[in-house]
Amino acid sequence: MADSEDRNRELEAFTAKVAAVQQRRTKAATRSAAAAGAKTGQLGLGFRISVELLATLAVGTGMGYVLDRWLSTSPWLTLAFFMLGAAAGMRNVIRVATAAQKKVADDQAAKPGPPV
């Protein structure tokens, strides 16, 4: 009996330690995400949008070029994958801009307004 009680106590202690570590990791991740969000301004957002758009165009065009050379279908797959890359880039730009707009709206809603 005493052996099973010791194991139960050890298991409870271990579970408490795991929960404490998970809680610390969650707090640290939240703090680092908030700090990263606070440091990025409008210039950072602009660079992020431009890099995402250029990266998707480069990847799409590169994939099309490689497939064209491999399948001897030049220039059709390059053009098709360029268009797919452009569509993916626009989708990313819209997603990032919408998230930024929502963040600004949330920040404005959190600020106390002037008394009416």
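Thresholds applied
Residues numbered from 1 in each chain as written. Predicted model: local features only at pLDDT ≥ 70, side-chain atom pairs only at ≥ 80, totals over all residues. Heavy atoms only, no water. Helix = DSSP H or I, 4+ residues; strand = E, 2+ residues; numbered from the N terminus. Buried < 20%, exposed > 50% of the residue type's maximum accessible area, 1.4 Å probe, protein only. Contact = heavy atoms within 4.5 Å. Expected span 1.5 Å × (residues − 1). Salt bridge = Lys/Arg side-chain N within 4 Å of Asp/Glu carboxyl O. Polar contact = N/O pair within 3.5 Å; in protein donor to acceptor, adjacent residues only side chain to side chain.

Caption draft 1: Highlighting the overall build of the protein chain. Within the protein chain one finds three helices and zero strands. Counting helices and strands in the order they occur from the N terminus, the protein chain gives α-α-α. A buried classification covers 11% of the 116 residues belonging to the protein chain. Partitioning the contacts of the protein chain with sequence separation of at least 6, the portion at a separation of at least 24 is 52%.

Caption draft 2: Here's a closer look at helix 3 (residues 76-110). With 35 residues, helix 3 extends 51 Å between its outermost C-alpha atoms, agreeing within 8% with the 51 Å of an ideal straight helix rising 1.5 Å per residue. Among the residues of helix 3, Thr78, Phe81, Gly85, Gly89, Asn92, Val93 and Val96 are the ones counted as buried. Here the buried face of helix 3 lies against helix 2 (42-71).

Caption draft 3: Spotlight on the pattern of salt bridges. As enumerated under the stated definition, the model contains five salt bridges in all. A salt bridge links Asp6 to Arg9; the shortest N-O distance between them is 3.2 Å. Linking Asp6 with Arg9, this pair stays in helix 1 (residues 2-39), spanning three residues, or about one helical turn. A salt bridge links Glu52 to Arg95, with the shortest nitrogen-to-oxygen separation between them at 3.6 Å. Placement of Glu52 in helix 2 and of Arg95 in helix 3 is noted, with a sequence separation of 43 residues between them. Overall, the relative accessible area of 18% leaves Glu52 in the buried class.

Caption draft 4: A look at helix 2. Helix length check: helix 2 (30 residues) gives 43 Å between terminal C-alpha atoms against 44 Å at 1.5 Å per residue, within 8%. Those residues of helix 2 that sit buried are Glu52, Thr56, Leu57, Gly60, Gly64 and Asp68. Looking at the buried positions of helix 2, the neighbouring elements they touch are helix 3. Once helix 2 ends, the next one or two residues include Ser72, with phi positive near 55°.

Caption draft 5: Focus on the environment of Thr56. You can see Thr56 is positioned in helix 2. Overall, Thr56 belongs to the buried group, its relative accessible area being 15%. Expressed as a C-alpha distance, the spacing of Thr56 and Phe82, which sit 26 residues apart in the sequence, is 8.7 Å. When residues no more than four places from it in sequence are discounted, the contact partners of Thr56 are Gly85, Ala88, Gly89 and Asn92. At 3.3 Å, the side chain of Thr56 forms a polar contact with the backbone oxygen of Gly85.

Read these as layout, nothing more, since geometry by itself doesn't imply function.
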